[in-house]
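Each chain is listed here by its residues.
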Amino acid sequence: MLLDLAQCLFDSLPSKTVDRGRNRWARSADPNPGREPRMKRSKRSAKERIFRPKRAHARLSGEMPCATVFRLIASACLEDVKAHHRGARNGDTVAVHQTRVALTRLRAAIAFFGPMVEDPEWTRLKSELKWLNGYLGATRDLDVAIGNAPRERLFRTARVESQRQLRRVLTSNRYRRWFKDITDWVNHGPWSDMSDRRLVRLRASRASEYHARRLAGWHEKLVKKSRDLQGMGSRKQHQVRLASKRLRYAIEFSEDVLPKNDFAPWRAILKQLRKAQQILGELHDAEAAPALLAELQRRAKTSRAGRQHKPLELLDRKEKSRLLRRAAVAYRKIAA
């Protein structure tokens, strides 16, 4: 197991809570893990929406101390990474995607509890995570590009090479050391026994109070960042999408931590976040695929002097404008 639950739970809740049920926010992963998904633009975000981490070992509770809740959430994310390791190593597109989602959720959890857990060891581990995500991201981007432009042979050729490199990474000693180190860090890293009084109080504080404050702060930042969405360039729109994803995961983490009445408005925001994330994902894919193809053509030296290549266009200007209007509506509802 990735987490020694006995020590965490005996201090924070009665034992019957452990036996009573499993965490609602942590549902099963992909229902058909062996099947390759349809990779159309409209399906990419749907696949992200239905993904849930593995079942946690105990129900989260707002009465738990923040340190316990962090360990449970982060450990569930790491177990998802472990569960999909073989599939990702062997080139399964679903496993690659879900491994990447699990790591994104892990980073969101660490950022959410950042005031309590970010220490020098996390700085080192984050650097290694960036290294790992580089290979996962390259492979995932090619999977999406193939789904959007299945006739582009360069995408498929590049996917073979990208998978070869990803397999080498996932079977390396460096990866194994990183996974062991981050598991140890989640369980009993330096953050867990720092003697600063503020940190001690924060680790012991009720999770419900912390989640309420933190969600409100992240929500306010996203509202400011998403203003004038239709006037933004693609880079800023992508940053809004990343912030939306982070808030979405934080809300999902909070479902069993906040009282039902307090969580109700966040449920409505969550619905709009998923919609906005889907739309901005389509726009991002439409920008990324042509740029990726151009880079592959340059590397393969397929362009000859004077030869014209038909540009890859996934969305025309009218379609992009329509999607942006829909996204802007979703963000207005998020801000309301």
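All values derive from a computational prediction rather than experimental measurement.

S.K.: I'd like a rundown of the overall build of the chain, residues and numbers included.
M.R.: Looking only at helices and strands, the chain features 15 helices and zero strands. A burial count over the chain gives 52% of its 336 residues as buried. The long-range fraction of contacts in the chain, counting pairs at least 24 apart against all pairs at least 6 apart in sequence, stands at 82%.

S.K.: Requested: an account of the environment of Arg86, with residues and values cited.
M.R.: Along the chain, Arg86 falls in helix H5 (residues 85-89). Linking Arg86 and Arg167, residues 81 residues apart in sequence, is a C-alpha distance of 9.5 Å.

S.K.: Explain the packing of aromatic side chains to me, using residue names and the numbers behind them.
M.R.: The tally for this structure, following the rule as stated, stands at twelve aromatic pairs. With a centroid separation of 5.3 Å and an interplanar angle of 85 degrees, the aromatic rings of Phe112 and Phe113 are classed as edge-to-face. Each member of the pair, Phe112 as well as Phe113, carries the same accessibility label: buried. Ring centres of Phe112 and Tyr210 lie 5.8 Å apart, and the angle between their planes is 90 degrees; this geometry places the pair in the edge-to-face category. Here Phe112 is found in helix H6 (residues 93-112), whereas its partner Tyr210 is found in helix H12 (residues 207-225), with 98 residues between them in sequence.

S.K.: So what about the pattern of salt bridges? Which residues, and what values?
M.R.: Inspection of every chain in the model, using the stated rule, returns 15 salt bridges. Two residues, Glu252 and Arg248, come together in a salt bridge whose shortest N-O distance is 3.2 Å. Linking Glu252 with Arg248, this pair stays in helix H13 (residues 234-253), spanning four residues, or about one helical turn. Taken individually, Glu252 and Arg248 each receive the classification buried, so the pair is uniform in this respect.

S.K.: Can you lay out the confidence of the model for the chain for me, pointing to particular residues and giving the numbers?
M.R.: Across the chain, the average pLDDT comes to 84, with 80% of residues at 70 or higher. For the chain, helix H2 (residues 15-20) is the element with the lowest average pLDDT, namely 37, and helix H10 (residues 173-188) is the one with the highest, namely 98. Every residue in residues 1-53 scores below 50 in pLDDT, and together they form 119 contacts with partners more than four places removed in sequence or on other chains.

S.K.: Before we move on, could you go through unusual backbone geometry and cite the residues and values that matter?
M.R.: One non-glycine residue, Asp228, lies in the positive phi region at around 55 degrees. Mapped onto the elements, Asp228 comes out in the loop between H12 and H13. Classification of Asp228 as exposed rests on a relative accessible area of 59%.

S.K.: If you had to explain helix H15 (residues 317-335) to someone new, which residues and values would you point to?
M.R.: For H15, which comprises 19 residues, the first-to-last C-alpha distance of 27 Å matches the rise-based estimate of 27 Å (1.5 Å per residue) to within 8%. Taken as a whole, H15 has its buried residues at Leu323, Leu324, Ala327, Ala328, Ala330, Tyr331 and Ile334. On an axial view of H15, the arc spanned by its buried residues comes to 165 degrees, and they lie on one face. Every exposed residue of H15 that faces more than 90 degrees away from the buried side is listed here: Lys318 and Arg332. At its buried positions, H15 is contacted by H12, H13 and helix H14 (260-300).

S.K.: Help me get a handle on the environment of Thr139, residues and values and all.
M.R.: Note that Thr139 resides in helix H8 (residues 120-148). We classify Thr139 as buried; its relative accessible area is 0%. Those residues within four positions of Thr139 in sequence are excluded, and the remaining contacts are Val96, Arg159, Ser162, Gln163 and Leu166. Looking at Thr139, its side chain comes within polar contact range of the main-chain oxygen of Tyr135, at 3.0 Å.

S.K.: Give a detailed account of the nonpolar core, specifying residues and quantitative values.
M.R.: Counting residues in each nonpolar core, the largest one holds 88 residues, and the members touching the most others are Phe70, Phe113, Leu132, Phe155, Trp178, Trp185 and Ile251. Looking at which element gives the most residues to this core, the answer is H14, with 13 residues.

S.K.: I'd like to hear about the packing of H8 against H14, residue by residue, with values.
M.R.: With their axes 10 Å apart at the nearest point, H8 and H14 run at an angle of 100 degrees to one another. Judged by the inter-axis angle, H8 sits roughly perpendicular to H14. Contact residues: Asp141, Leu142, Val144, Ala145 and Asn148 in H8; Asp285, Leu292 and Leu296 in H14. Looking at the contact of H8 with H14 residue by residue, the class counts come to five nonpolar, one polar and two charged.

Thresholds, definitions, all that
Residues numbered from 1 in each chain as written. Predicted model: local features only at pLDDT ≥ 70, side-chain atom pairs only at ≥ 80, totals over all residues. Heavy atoms only, no water. Helix = DSSP H or I, 4+ residues; strand = E, 2+ residues; numbered from the N terminus. Buried < 20%, exposed > 50% of the residue type's maximum accessible area, 1.4 Å probe, protein only. Contact = heavy atoms within 4.5 Å. Phe/Tyr/Trp six-rings, centres within 6.5 Å; stacked < 30°, edge-to-face > 60°. Salt bridge = Lys/Arg side-chain N within 4 Å of Asp/Glu carboxyl O. pLDDT = per-residue confidence, 0-100. Expected span 1.5 Å × (residues − 1). Arc of directions from axis to C-beta. Polar contact = N/O pair within 3.5 Å; in protein donor to acceptor, adjacent residues only side chain to side chain. Core = buried A, V, L, I, M, F, W, Y, C linked by side-chain atoms within 4.5 Å. Axes fitted to C-alpha atoms, helices over the stretch in contact; angles between N-to-C directions. Parallel < 35°, antiparallel > 145°, perpendicular 65-115°, else oblique. Nonpolar A, V, L, I, M, F, W, Y, C, P; charged D, E, K, R; others polar.

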